[in-house]
Amino acid sequence: MLNTNRKIIFISLAIAIAAACVFVFEGIYQEAKSAAITKLNQQQAIYARQAARGLEEFFATWTRNLNVLSGMNAIIADDREGKAILKLLYETNEVRITEIFRVDEKGVIRDDFPDSDAVGLDISHRKHFIAMLRDHKPTVSEAFRSIEGVDSVALHVPVLQGTEFKGSVGILIDFNSLAKRYLDVIKVGETGYAWMISREGTTLYTPVPDFIGKSLSAVEKDASLSALVNAMLQGREGTGEYTSQRIRDQHVNTIRKYAVYFPVRLGNTFWSICVASSEQDVFADLTTFRNKLAVTMSIFFFIGAALSTLGARAWLIAKEQEKNARSELEIARQRHQLAHLSRVNMLGELSGSLVHELSQPLTAILSNAHAAQLLLEHSEPDLNQLRDILGDITADDERAGEVIRRLRQLLKRGEVQFQPLRVNELVEEVLKLLRSELLDRGVTVQTKLAPKLPVLQADRVQLQQVLINLVTNACDAMADMPRAARALTVRTELDGDDVVLISVCDAGTGIAEGKLEQVFEPFFSSKANGMGLGLSISRTIVNAHGGRLRAEHNPVRGAMFHLMLPVSPPRTTQ
Ligand SMILES: Nc1ncnc2c1ncn2[C@@H]1O[C@H](COP(=O)(O)OP(=O)(O)OP(=O)(O)O)[C@@H](O)[C@H]1O
Ligand SMILES: [Mg+2]
């Protein structure tokens with residue numbers, strides 16, 4: 001029961017500490033993760049801003065160049081010189097631009113280098129041309145597939161003569177090479193790349209060439225993207241998250257992406273660049289940190305668990321000791337009551353013999369007192385006789401007094417002191433007490449004491465009384481033997497696991513056949529001045545200890561008395 005309680009306490013402690021460690025781990029880890037995401041986004045924002053600035057700069061430069069051209073008379077007139085200027089400009093910028101052209105006020109291409117086939121083509125219906133016609137401002141077209149099959153964007157600058165619209169001068173830019181220059185170079189971590197959409201939501205650039213020119217909503221169907229795209233289509237800058245589905249090895253993987261978007265402002269229109277990295281880049285940075293954190297938290301867990309276990313154990317031990325102390329007190333109290341009860345029981349057994357035992361000296365005293373009264377009636381009383389009578393009265397009175405004194409001692413409810421008792425020490429003490437008497441009576445004592453006997457819980461003084469009586473009885477029984485034969489042996493041994501046995505053996509007259517139990521009866525004595533109470537009191541004391549006292553014939557000669565005492569827990573060795 002106690003062990004189960006302990007287990008429950010220890011398991012609960014371990015769970016509580018583990019939960020605290022997981023909680024702290026999660027807190028720190030999430031903090032580090034959001035810091036890593038912020039850092040990643042800062043890096044992505046730098047790339048996005050640089051690309052946007054590069055693209056804006058490119059268009060601004062060409063707008064300026066074309067503005068200069070559009071102000072030239074030769075260009076306004078679109079004469080031979082004008083055509084020569086256009087051709088020269090194309091030839092010097094062949095690597096940057098695909099075509100250079102002049103469109104008349106009706107929207108028909110008049111000159112085109114190097115693509116002369118385009119001359120005569122009517123572009124008046126195109127959105128960017130219509131916008132330019134309306135606003136007289138430079139315009140950038142949507143990306144479109146040119147006749148040559150190249151993905152292109154056109155930049156038109158209006159040609160104005162005063163306020164009169166005279167068409168436009170413009171360039172065609174290979175959008176792919178432009179994107180390559182500014183967007184393809186963007187690589188963040190393992191997975192980060194840029195993509196760009198037009199104001200209309202057409203994919204202008206992604207590293208997946210198939211998607212270019214298509215509407216973003218047609219290629220990326222994930223709903224989480226729409227909030228981000230909405231913000232991008234409003235020309236805003238910011239950060240966002242979206243999930244993207246990728247099919248790899250026939251498995252659909254959902255990848256969370258962290259993105260930064262930034263607008264590219266191009267006069268009449270704008271594009272929007274998005275730089276996005278997948279979650280695994282954030283985790284890549286965090287892996288070492290997370291592992292170290294996990295190790296630290298594990299160490300915390302073990303230290304915490306060890307300290308709490310020690311604390312809990314100390315607390316349990318203290319509780320247990322308190323409980324043991326209480327139950328020991330309880331046992332002692334019960335024994336004490338038991339001892340008292342058995343003595344009270346004995347009073348009942350004694351009462352019959354007691355009346356007899358006390359009435360005898362009292363009767364003797366009474367008749368002696370009468371005799372003394374009669375003597376005193378003589379004119380000359382015999383003083384010697386009177387002295388004898390008074391001597392007898394005193395002796396009888398003393399005997400009656402002794403009976404009463406012994407009984408009072410037995411029946412008195414004194415505190416029985418159950419204390420740790422080493423039986424061998426008890427034997428040695430008693431033999432020491434009786435040493436001079438044993439010497440006087442010529443008794444040789446031999447002891448055979450077993451080592452390492454358990455410590456008993458017993459009343460030392462009461463057991464001394466028992467042993468003194470056993471040794472004295474043995475001496476009395478050997479009084480008529482020759483001195484050399486007066487041998488007394490006291491033995492201690494462990495009987496089984498939980499009983500300590502003390503045996504007192506003598507070589508005296510022995511106990512008559514059939515009287516082995518009778519000797520324990522109160523007032524049974526074979527001695528002239530014996531009270532016959534020693535053994536009965538001894539048995540009461542031993543019974544109160546939960547033990548037994550019995551007599552046996554000594555196989556050689558004499559009697560043996562065996563005193564058996566139970567080992568009370570806690571059990572230690574002496
Ligand atoms: N070792 C023994 N050998 C032979 N007889 C014994 C021995 N011990 C006791 N007895 C007998 O048992 C009787 C009762 O002994 P018990 O000790 O009760 O009383 P007691 O010695 O006669 O008187 P007291 O009350 O003073 O002890 C003894 O008188 C004796 O006859
Ligand atoms: Mg005796």
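As the structure is a computational prediction, the values presented were derived from the model and not from experiment.

Participant: Explanation requested: the overall build of the protein chain in the structure shown.
Facilitator: In terms of helices and strands, the protein chain carries 13 helices and 18 strands. Across the 574 residues in the protein chain, those meeting the buried criterion constitute 43%. The long-range share in the protein chain, meaning contacts at least 24 apart out of those at least 6 apart in sequence, stands at 63%. Carbon and sulfur atoms form 56% of the exposed surface of the protein chain, whose accessible area is close to 31,500 Å².

Participant: Is there a simple way to explain a nonpolar patch on the surface in this structure?
Facilitator: On the surface, Val295, Ile299, Ile303, Leu307 and Leu310 cluster together to form a nonpolar patch covering roughly 500 Å² of accessible area. Relative to the assigned elements, Ile303 resides in helix H8 (residues 279–377). Judged by its relative accessible area of 47%, Ile303 falls in the partly exposed class.

Participant: In this structure, what is going on with the nonpolar core? I would like to understand it.
Facilitator: One broad trend across soluble globular proteins is that nonpolar side chains are buried collectively. Phe59, Ile100, Phe175, Leu183, Met196, Trp271 and Ile273 are the most contacted members of the largest nonpolar core, which has 57 residues in total. Ranked by the residues each element gives to this core, the list is headed by helix H1 (residues 2–70), at 17 residues. Membership of the second largest hydrophobic core comes to 49 residues, among which are Val423, Leu426, Val427 and Val430.

Participant: Help me understand the packing of aromatic side chains in this model?
Facilitator: Evaluated as defined, the whole model comprises five aromatic pairs. Ring centres 5.6 Å apart and planes at 80° place the aromatic pair Phe58 and Phe59 in the edge-to-face group. The pair formed by Phe58 and Phe59 is uniform in burial state, with each residue classed as buried. Ring geometry for Phe129 against Phe165: centres 6.1 Å apart, planes inclined by 65°, an arrangement best described as edge-to-face. Of this pair, Phe129 sits in helix H4 (residues 127–135) while Phe165 sits in strand S6 (residues 164–174), and the two are 36 residues apart along the sequence. A single burial state applies to Phe129 and to Phe165, both of which are buried. Each member of the aromatic cluster is reached from another via a ring pair, and the members are Phe58, Phe59 and Trp271.

Participant: What should I look at first to understand the site of ligand 1 in this one?
Facilitator: Around ligand 1 lies a shell of 21 residues, among which Asn473, Ser525, Ser526, Lys527 and Leu535 are the nearest. Asn469 places a polar side-chain atom, nitrogen or oxygen, 3.2 Å from an oxygen atom of ligand 1. A distance of 2.5 Å separates an oxygen atom of ligand 1 from a polar side-chain atom of Ser525. Among the elements of the structure, helix H12 (460–477), helix H13 (534–544) and strand S18 (559–566) are those that each provide at least two residues to the shell around ligand 1. If one sorts the elements of the shell around ligand 1 by residue count, H12 sits on top with four residues.

Participant: What should I look at first to understand the coordination of the magnesium ion (ligand 2) in this one?
Facilitator: Only Asn469 (OD1) and Asn473 (OD1) from the protein reach the magnesium ion (ligand 2) as donors, at distances of 2.2 to 2.5 Å. Note that Asn469 and Asn473 are positioned in helix H12 at a spacing of four residues, about one turn of the helix. Judged by its relative accessible area of 18%, Asn473 is buried.

Participant: It is not clear to me how helix H10 (residues 423–433) should be interpreted in this structure. Could you clarify?
Facilitator: Structurally, the α-helix is built with 3.6 residues per turn, so residues lying three or four positions apart point the same way. By the burial criterion, the buried members of H10 are Val423, Asn424, Leu426, Val427, Val430 and Leu431. Seen end-on, H10 carries its buried residues on one side only, within an arc spanning 160°. Projecting away from the buried face of H10 at angles above 90 degrees are the exposed residues Lys432 and Leu433.

Participant: Would you mind going over unusual backbone geometry with me for this structure?
Facilitator: What is expected of a backbone is that most residues other than glycine have negative phi and most peptide bonds are trans. In this chain, Phe113 is followed by Pro114 through a cis amide linkage whose omega measures 0°. Tracing the backbone shows Pro114 in the loop between strand S2 (109–113) and H4. Even without being a glycine, Asp78 presents a positive backbone phi close to 55°. Among the structural elements, Asp78 can be located in the loop between helix H2 (73–77) and helix H3 (80–92). By relative accessible area, which is 18% here, Asp78 ends up buried.

Participant: In this structure, what is going on with the packing of H12 against H13? I would like to understand it.
Facilitator: For any two helices packed against each other, one specifies the inter-axial angle together with the distance between the axes. At their nearest, the axes of H12 and H13 sit 9 Å apart, and the two run at 145° to each other. Judged by the twist between their axes, the crossing of H12 over H13 is left-handed. Taken together, the residues of H13 that come into contact with H12 (itself represented by Gln462, Leu463, Val466, Asn469, Leu470 and Asn473) are Gly534, Leu535, Ser538, Ile541 and Val542. In terms of residue class, the contact of H12 with H13 is built from six nonpolar, five polar and no charged.

Participant: What exactly am I supposed to notice about H3 here?
Facilitator: Between the first and last C-alpha of H3 there are 18 Å, a value that for 13 residues agrees with the 18 Å anticipated at 1.5 Å per step. The complete set of buried residues in H3 reads Gly82, Leu86, Leu89 and Tyr90. One face of H3 carries all of its buried residues, which in axial projection span an arc of 100°. Turned more than 90 degrees away from the buried face of H3 sit Arg80, Glu81, Leu88 and Thr92, all of them exposed.

Participant: Just checking my understanding: could you explain the pairing of strand S16 (residues 499–506) for this structure?
Facilitator: Each regular strand carries side chains that alternate between the two faces of the sheet. Where burial is concerned, most of S16 is hidden: seven out of the eight residues are buried. Where strand S15 (residues 487–495) and S16 come together, eight bridges link them in antiparallel fashion. Each bridged residue has a counterpart across the sheet, and for Thr489 the counterpart in S16 is Cys505. In sequence, S15 turns back onto S16 through a hairpin of three residues, with Gly496 there showing a positive phi of about 70°.

Participant: What is the right way to look at a negative patch on the surface in this model?
Facilitator: Where like charges cluster on the molecular surface, the negative patch consists of Glu493, Asp495, Asp497 and Asp498. Tracing the backbone through its elements, the reader meets Asp498 in the loop between S15 and S16. Exposure remark for Asp498: the relative accessible area of 47% places this residue in the partly exposed category.

Participant: Just checking my understanding: could you explain the packing of H10 against H12 for this structure?
Facilitator: The N-to-C vectors of H10 and H12 enclose an angle of 60°; their axes lie 10 Å apart at closest approach. With respect to their mutual orientation, H10 and H12 come out oblique. The element H10 and its partner H12 pack so that their crossing is right-handed. Facing Glu425, Leu426, Val427, Glu429, Val430 and Leu433 of H10, the residues of H12 in contact are Arg460, Leu463, Gln464, Leu467 and Ile468. Split into classes, the residues belonging to the contact of H10 with H12 amount to seven nonpolar, one polar and three charged.

Quick notes on the rules
Residues numbered from 1 in each chain as written. Chains lettered and ligands numbered in written order. Predicted model: local features only at pLDDT ≥ 70, side-chain atom pairs only at ≥ 80, totals over all residues. Heavy atoms only, no water. Helix = DSSP H or I, 4+ residues; strand = E, 2+ residues; numbered from the N terminus. Buried < 20%, exposed > 50% of the residue type's maximum accessible area, 1.4 Å probe, protein only. Contact = heavy atoms within 4.5 Å. Areas by Shrake-Rupley, 256 points an atom, 1.4 Å probe, with all protein chains shown as cover. Patch = residues over 30% accessible without salt bridge, like charges linked within 9 Å, V, L, I, M, F, W, Y side chains within 5 Å. Salt bridge = Lys/Arg side-chain N within 4 Å of Asp/Glu carboxyl O. Core = buried A, V, L, I, M, F, W, Y, C linked by side-chain atoms within 4.5 Å. Phe/Tyr/Trp six-rings, centres within 6.5 Å; stacked < 30°, edge-to-face > 60°. Near = heavy atom within 4 Å. Polar contact = N/O pair within 3.5 Å; in protein donor to acceptor, adjacent residues only side chain to side chain. Donors = N, O, S within 2.8 Å, 3.2 Å for Na, K, Ca; no water. Arc of directions from axis to C-beta. Axes fitted to C-alpha atoms, helices over the stretch in contact; angles between N-to-C directions. Left-handed = near helix turned anticlockwise from the far one by under 90°. Nonpolar A, V, L, I, M, F, W, Y, C, P; charged D, E, K, R; others polar. Expected span 1.5 Å × (residues − 1). Pairing = 2+ DSSP bridges. Lys, Arg positive; Asp, Glu negative; His and termini not counted. Charge placed at Lys NZ, Arg CZ, Asp CG, Glu CD. Parallel < 35°, antiparallel > 145°, perpendicular 65-115°, else oblique.

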